[in-house]
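# Architecture at a glance
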Amino acid sequence: MFAKADRKPTAAYLNLIASAAAIIFTLPKDDMLKGATRCVKRTGLIRGDDVSIRYRRLDMRCMRTKTESSITISRSLDQ
């Protein structure tokens, strides 16, 4: 799953991402919201603008540029 938004994503955007990821990966929406929020919040000054995390056996990658941010959620092929 891939989604793009403005540099500072809103709560509605994160809620939409969590809903879509919950349907696609058949996981609870609350868990998906927590993982997406965690990934987006880690982008910044200390960890950089390209962050990859593992959450609930999913690979989440958040990237941020000067004008937009994006999140990619995927599952390994062997799972």
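Structure: above.
A quick note: this is a predicted structure, and the numbers were derived from the prediction, not measured.

## Here's the deal with the pairing of strand 2 (residues 50-55)
With burial as the criterion, only one face of strand 2 is covered, namely that bearing V51, I53 and Y55; the residues D50, S52 and R54 on the opposite face remain uncovered. Of the pairings in the sheet, the one linking strand 2 to strand 3 (residues 58-64) comprises 6 bridges and is antiparallel in character. The residue bridging V51 from the neighbouring strand is C62, located in strand 3. Here strand 2 hands over to strand 3 after 2 residues, with R56 in that stretch at a positive phi of 50°.

## Thoughts on the state of the cysteines
The final tally for this structure, using the stated rule, is 1 disulfide. Each sulfur of the disulfide joining C39 and C62 lies 2.1 Å from the other. Its S-S torsion of about 140° marks the bond between C39 and C62 as right-handed, since a negative value means left-handed. Taken together, the residues C39 in helix 2 (residues 29-42) and C62 in strand 3 connect sequence positions 23 residues apart. You'll find C39 and C62 in the same group, each marked buried.

## Section: the environment of G35
With respect to the helices and strands, the residue G35 is situated in helix 2. C-alpha of G35 to C-alpha of R7: the two residues are 28 residues apart in sequence and 18 Å apart in space. Ignoring sequence-local partners within four residues, the contact set of G35 consists of I53, Y55 and M60.

## Focus on the pattern of salt bridges
Inspection of the entire model under this criterion finds 5 salt bridges. We note a salt bridge from K4 to E68, for which the minimum N-O separation is 3.2 Å. Of the two residues, K4 sits in strand 1 (residues 2-6) while E68 sits in strand 4 (residues 68-74), which places them 64 residues apart along the sequence. The salt bridge involving R61 is made with D50; its shortest N-O contact spans 2.8 Å. One end of the pair, R61, is in strand 3; the other, D50, is in strand 2, with 11 residues separating them in the sequence. Its relative accessible area of 37% is what places R61 among the partly exposed residues.

Quick notes on the rules
- Residues numbered from 1 in each chain as written.
- Predicted model: local features only at pLDDT ≥ 70, side-chain atom pairs only at ≥ 80, totals over all residues.
- Heavy atoms only, no water.
- Buried < 20%, exposed > 50% of the residue type's maximum accessible area, 1.4 Å probe, protein only.
- Helix = DSSP H or I, 4+ residues; strand = E, 2+ residues; numbered from the N terminus.
- Pairing = 2+ DSSP bridges.
- Disulfide = S-S within 2.5 Å.
- Contact = heavy atoms within 4.5 Å.
- Salt bridge = Lys/Arg side-chain N within 4 Å of Asp/Glu carboxyl O.

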